[in-house]
Amino acid sequence: MLNTTAASWSASLSSSSQFSLKLTLKETGGVPSFNCKHGKGNMFTVVNRGNKPLGFRQVVKTSPLSQADKAKPSRLRPPHGMGNLDSNPANSCPLTPLGFLERAATVFGDCPSVVYQDTVFTWSQTHRRCLRLASALVSLGITRGDIVSVLLPNVPAMYEMQFGVPMSGAVLNNINTRLDARTVAVLLRHSGSKLVFVDASSLQLISDALRLLPPGHPAPRVIPVEDPHEEDEFPADTLTYERLLADGDPEFAWVQPASEWDPMVLNYTSGTTSEPKGVVHCHRGLFLITVDSLMEWAVPTRPTYLWTLPMFHANGWSFPWGMAVVGGTNVCLRRVNAATVYAAIASRGVTHLCCAPVVLNMLANAHDGVRRPLPGKVRIRTAGAPPPAAVLQRTEAIGFEISHGYGLTETAGLPVSCTWKGEWDSLPAPERARLKARQGVRTPATGKVDVIDSETGRSVPRDGATMGEIVVRGGCVMLGYLNDDEATKAAIREDGWFYTGDVGVMHPDGYLEIRDRSKDVIINAGENISSVEVESVLYDHPAVNEAAVVARPDELRGETPCAFVSLKEDAAGTVTAADVIAWCRERMPQYMVPRTVVFHAELPKTSTGKIQKYVLRNLAMEMGPAHKGDGRR
């Protein structure tokens, strides 16, 4: 089985991929063993004594770190009487979030698991449907390590995919539904996907993408997913999702990972600053971030969770698996707008939801005819972009309870959280919002988070002003980028840190705050300008709906801030660029004031609500260098 695992996964990776599972048979004192390497980190020798099952294996660390430890024998000396104690079959079961579903079926079997319009499944039914899916995939020839892609909105099948696909041994690849055909083709080719589940609304998209695959590249099999509420119709001989499940075995013994380091998901970065990269996460990391997220947010048993966050965005920040832990009710939402969100909250009694700040802004600016009274406390977890304090304040004024976290595709969720302190409750609302807008501190299961000087490698002063790069260390960090050794080495370095590419500061109280993406820092005559700080001031303007600030070339200063702004509906045509610049000039140092203001009806975004700054940077570059007296549009 071990050899099969390596062969099937390696088929999806280049031979030089540094995070692939590399196995080499050798002899260790006459006992068969394998060298296993994940990433550029430690090398482990896995010894199988007496040809016992893989659970009965002894792991002997043979990394450079262990060699260094030999120089310090006192550190290796175990306490008296404990020299023979080590890992054993009872305590070394691979960690995986997939087992949460089996437990949910036992504990919450008759409780609702997934709700979509008038369709309601129980946890027992969801468990059996996921087993059917895993069984059916295996019957189609899907083997351990194969890539299975999914192009779906937040419908019940999408939730089932988060369990059923990896339960077949395959690696789950969720694809952004708003991507264009060219990008989808790039992802399918890069991943080597064997099969794609597609929503009916995306069939034309996948058809166009398959035509763009290079000649000779094997096209993945396409299986459409029905939605009875969308009146989808397929010929009787078409293998659809529900027909596939009908052939599956609800008692299937799902394929458990041979190692907790086995790849489980492949996610592509959102491409807000560059072309997307394939991020691979293992079972262990996803288990840890799932449990960690539930603890940090203090999620109770049996919440009602509204799926406003796309599950294809970092697997919904781990909450598909998390809801199985607590027996929650997953309320699926195909289309996210203010009307559908408020209606679902009111009709379903929603208690929790996650979203990007753009959705907070949408809820805060919804017309009175769309808003509905909240049925009770509704807790929102927001992340994905730094939320402006003004947006947080307006959303909480409606009655929502907001918590803020920070993470990346590469961390599988939110390893940093703005953990709230009770003494902050007595502060004025604007000050509370300012504190809550900070990214925060490491979550309980995250190893360490810091802000370091890129030149010295040392922590920056805790003064809330000195900027450095945010770095993370912990079990949630990815295995690496698929088929991209160079990018993996640049992100996960020999000093033991994952370098996020985000620029931040550390406050005196130990809470970090993002100032920018490294690519978004504006250098004006030698002064570093945080675009996030300028955007925060812009969001305070009563007429501003959205704002994003990028660098525009400047003949004298090198770069100056260029603000792209969309106005609220009732303010269109009443605010000029000069008004916006004057507003900023009264509230920030002169060198930070945008020299150019460009109005757009709507700013370009990814499907997860992040503003695509690279698109805006290109527009600013196309304007050419700014000259004295120009740039107001």
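Before reading further, recall that the structure is shown in the block above.
Residues numbered from 1 in each chain as written. Predicted model: local features only at pLDDT ≥ 70, side-chain atom pairs only at ≥ 80, totals over all residues. Heavy atoms only, no water.

With respect to the sheet that holds strand 21 (residues 468–474)
Strand order in the open sheet made by the four strands is 20-21-23-24, with antiparallel pairing throughout. Each edge of the open sheet carries a strand with a single partner, namely strand 20 (446–452) and strand 24 (512–517). The sheet shows a mean angle of 45° between the axes of neighbouring strands, direction not considered. Across five bridges, the pairing between strand 23 (residues 498–506) and strand 24 is antiparallel. Among the inter-strand pairings, Asp502 is bridged to a residue of strand 24, identified as Arg517. (Pairing = 2+ DSSP bridges. Helix = DSSP H or I, 4+ residues; strand = E, 2+ residues; numbered from the N terminus. Axes fitted to C-alpha atoms, helices over the stretch in contact; angles between N-to-C directions.)

Concerning the pattern of salt bridges
The final tally for this structure, using the stated rule, is 23 salt bridges. Between Glu513 and Arg515 there is a salt bridge; the shortest N-O distance is 3.4 Å. Accessibility classification places Glu513 together with Arg515 in one group, the buried group. Here Glu533 and Arg515 are joined by a salt bridge, their closest N and O atoms 3.5 Å apart. Of this pair, Glu533 sits in helix 18 (residues 531–539) while Arg515 sits in strand 24; the two residues are 18 residues apart in sequence, bridging distant segments of the chain. Residue Arg515 is classed as buried on the basis of its relative accessible area of 10%. Because the salt bridges share partners, they merge into one network encompassing Asp199, Asp227, Glu230, Arg334 and Arg335. (Salt bridge = Lys/Arg side-chain N within 4 Å of Asp/Glu carboxyl O. Buried < 20%, exposed > 50% of the residue type's maximum accessible area, 1.4 Å probe, protein only.)

Considerations on the packing of helix 4 (residues 99–107) against helix 12 (residues 319–326)
Two numbers describe how helix 4 lies on helix 12: the axes approach to 8 Å, and their chain directions differ by 30°. With respect to helix 12, the element helix 4 is oriented roughly parallel. By crossing handedness, the relation of helix 4 to helix 12 is classed as left-handed. Residue-level inspection shows Phe100, Leu101, Arg103 and Ala104 of helix 4 in contact with helix 12, the latter providing Trp321, Ala324 and Val325. Tallied by class, the residues present in the contact of helix 4 with helix 12 amount to six nonpolar, no polar and one charged. (Parallel < 35°, antiparallel > 145°, perpendicular 65-115°, else oblique. Left-handed = near helix turned anticlockwise from the far one by under 90°. Contact = heavy atoms within 4.5 Å. Nonpolar A, V, L, I, M, F, W, Y, C, P; charged D, E, K, R; others polar.)

What about the sheet that holds strand 13 (residues 304–306)?
If you walk across this open sheet you meet the nine strands as 6-5-14-13-15-16-17-18-19, and the pairing is mixed. Both edges of this open sheet fall to strand 6 (119–122) and strand 19 (441–442), since each of them pairs with a single strand only. Alignment of strand 13 against strand 14 (residues 329–331), held across three bridges, turns out to be parallel. For Thr304, the partnering residue across the bridge sits in strand 14 and is Thr329.

Notes on the packing of aromatic side chains
Applying the stated criterion to the full structure yields ten aromatic pairs. Geometrically, the ring pair formed by Tyr305 and Phe319 is stacked, given 5.7 Å between the ring centres and 25° between the ring planes. In this pair, Tyr305 is assigned in strand 13 and Phe319 in helix 12, connecting sequence segments 14 residues apart. With relative accessibility at 3%, the residue Phe319 sits in the buried group. With a centroid separation of 4.9 Å and an interplanar angle of 80°, the aromatic rings of Trp420 and Trp424 are classed as edge-to-face. What makes Trp420 partly exposed here is its relative accessible area of 29%. (Phe/Tyr/Trp six-rings, centres within 6.5 Å; stacked < 30°, edge-to-face > 60°.)

Overview of the nonpolar core
Grouped burial of nonpolar side chains is what soluble globular proteins tend to show. The biggest cluster of nonpolar side chains holds 64 residues, and the ones touching the most others in it are Leu133, Tyr159, Met161, Phe163, Met167, Phe197 and Phe319. Split by domain, the residues of this core number at least three in each of domain 1 (120–256) and domain 2 (267–519). Counting residues in each nonpolar core, the second largest holds 60 residues, with Val359, Phe400, Ala548 and Leu603 among its members. (Core = buried A, V, L, I, M, F, W, Y, C linked by side-chain atoms within 4.5 Å. Domains from an automatic or database assignment.)

Here we look at the environment of Asn154
Looking at the secondary structure, you find Asn154 in the loop between strand 7 (147–151) and helix 6 (156–167). Looking at Asn154, the relative accessible area reads 5%, which means it is buried. Sequence separation between Asn154 and Tyr116 is 38 residues, and the spatial gap between their C-alpha atoms is 9.4 Å. In this structure, Asn154 is in contact with Trp307, Thr308, Leu309, Pro310, Met311, Cys332, Leu333 and Arg334, ignoring residues within four places of it in sequence. In terms of polar contacts, Asn154 uses its side chain to reach the backbone carbonyl oxygen of Trp307, at 3.1 Å. (Polar contact = N/O pair within 3.5 Å; in protein donor to acceptor, adjacent residues only side chain to side chain.)

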